[in-house]
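Residues per chain are reported as follows:
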Amino acid sequence: PPRSTLFPYTTLFRSGYSAALLGLNTATFRIWDGMRALDYLASRPEVDAARLGCMGNSGGGTLTAYLSALDGRIVASAPACYISSLQHVCGAIGPQDAEQNLFGQMAFGLEHSGWLLLRATRPTCICAAQRDFFPVEGARQTFGEVQAVYRRLGAEERLSLVEHDGTHGWAEPLRLAGVGWMKRWLGVAGELAVPPEEETGVPEKEAWVTAEGQVM
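Quick notes on the rules
Residues numbered from 1 in each chain as written. Predicted model: local features only at pLDDT ≥ 70, side-chain atom pairs only at ≥ 80, totals over all residues. Heavy atoms only, no water. Patch = residues over 30% accessible without salt bridge, like charges linked within 9 Å, V, L, I, M, F, W, Y side chains within 5 Å. Areas by Shrake-Rupley, 256 points an atom, 1.4 Å probe, with all protein chains shown as cover. Salt bridge = Lys/Arg side-chain N within 4 Å of Asp/Glu carboxyl O. Helix = DSSP H or I, 4+ residues; strand = E, 2+ residues; numbered from the N terminus. Pairing = 2+ DSSP bridges. Axes fitted to C-alpha atoms, helices over the stretch in contact; angles between N-to-C directions. Contact = heavy atoms within 4.5 Å. Core = buried A, V, L, I, M, F, W, Y, C linked by side-chain atoms within 4.5 Å. Buried < 20%, exposed > 50% of the residue type's maximum accessible area, 1.4 Å probe, protein only. Right-handed = clockwise from strand over helix to strand, strands pointing away.

Colleague: Please explain a nonpolar patch on the surface as it appears in this structure.
Modeller: Taken together, the side chains of Leu22, Leu24 and Phe29 present a nonpolar region at the surface, about 310 Å² in accessible area. Examined against the element boundaries, leucine 22 turns out to sit in the loop between α1 (10-21) and α2 (26-43).

Structure follows, in structure tokens:
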């Protein structure tokens, strides 16, 4: 389907257009913010800075892939509903969100597999929805390419592909797979509860970062 039927073009791409006019890419800002969030997380007294994991869905899956490749502090990674291949994604939906279109990435050969290979052989779980607009065929192709490298390096068990028969979204099976991956590779003892998607754990107003909950 046309891109316009999938996402609104308004605020989603405004920052991308503005950055491009300055010769910048929106991914730069997201990666920087993510790394600074890791700085804060690692500084917390209750956090073991040697056992950090990263997982997220869609745009969060994109940022997870970027951070996991570029920040060596991330031990275990589980990007969801993002990893595919540029060939499959461009054939299905064309250009993606602003931070997913890196200047010249096709010219210098940066595929989705490249983000995963940059962190080889650290534990990585690709979470994919079979009816996603990020084609699952691309996820399978990328998994196969990266798996060959992990296998050759004797670390095949550190790479996984989990599929869910659903559409784009962080469905419960994918969230459970991500949490299970973190538990396994971060050495977490006991059971980890994954609350229903509608439960945030705190009242909405307690999560606000401004008095009115609006940052625009």
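Colleague: Please explain the sheet that holds strand β3 (residues 124-129) as it appears in this structure.
Modeller: Each strand in a sheet pairs with another by means of backbone hydrogen bonds, the pair being arranged parallel or else antiparallel. If you trace the 4 strands from one edge of the open sheet to the other, you get β1-β2-β3-β4, paired in parallel fashion. A single partner strand is all that each edge strand has here, and the edge strands are β1 (52-57) and β4 (159-164). Between one strand axis and the next, the sheet turns through 10° on average, direction left out of account. Contacts from helix α3 (residues 59-70) reach β1 and β2 (74-80), with the element oriented near 150° to β1. Its contacts with the sheet place helix α6 (residues 136-152) against β3 and β4, and it is angled at close to 165° to β4.

Colleague: Is there a simple way to explain the nonpolar core in this structure?
Modeller: Grouped burial of nonpolar side chains is what soluble globular proteins tend to show. Judged by nonpolar contacts, the single largest core of 28 residues is most densely connected at Ile31, Tyr66, Leu67, Tyr82, Ile83, Leu102 and Trp115. Of all the elements, α3 adds the most residues to this core, at 5 residues. Setting aside its immediate chain neighbours within four residues, tyrosine 66 contacts Ala27, Ile31, Tyr82, Glu99, Gln100, Leu102 and Trp115. One finds Ala78, Cys81, Cys125 and Cys127 within the second-largest nonpolar core, a separate group that totals 11 residues.

Colleague: Sorry if this is basic, but what is going on with the pairing of β3 here?
Modeller: Remark: a regular strand shows side chains that alternate across the two faces of the sheet. Of all 6 residues in β3, 6 are buried; the element is thus mostly enclosed. Sheet topology places β2 next to β3; 2 bridges connect them, and they run parallel. Residue serine 77 lies in a different strand from β3, and its bridge partner there is threonine 124. Pairing between β3 and β4: 6 bridges, direction parallel. The residue of β4 that forms the bridge with isoleucine 126 is leucine 161. As for the winding sense of the linkage, the β-α-β connection from β3 through α6 to β4 is right-handed.

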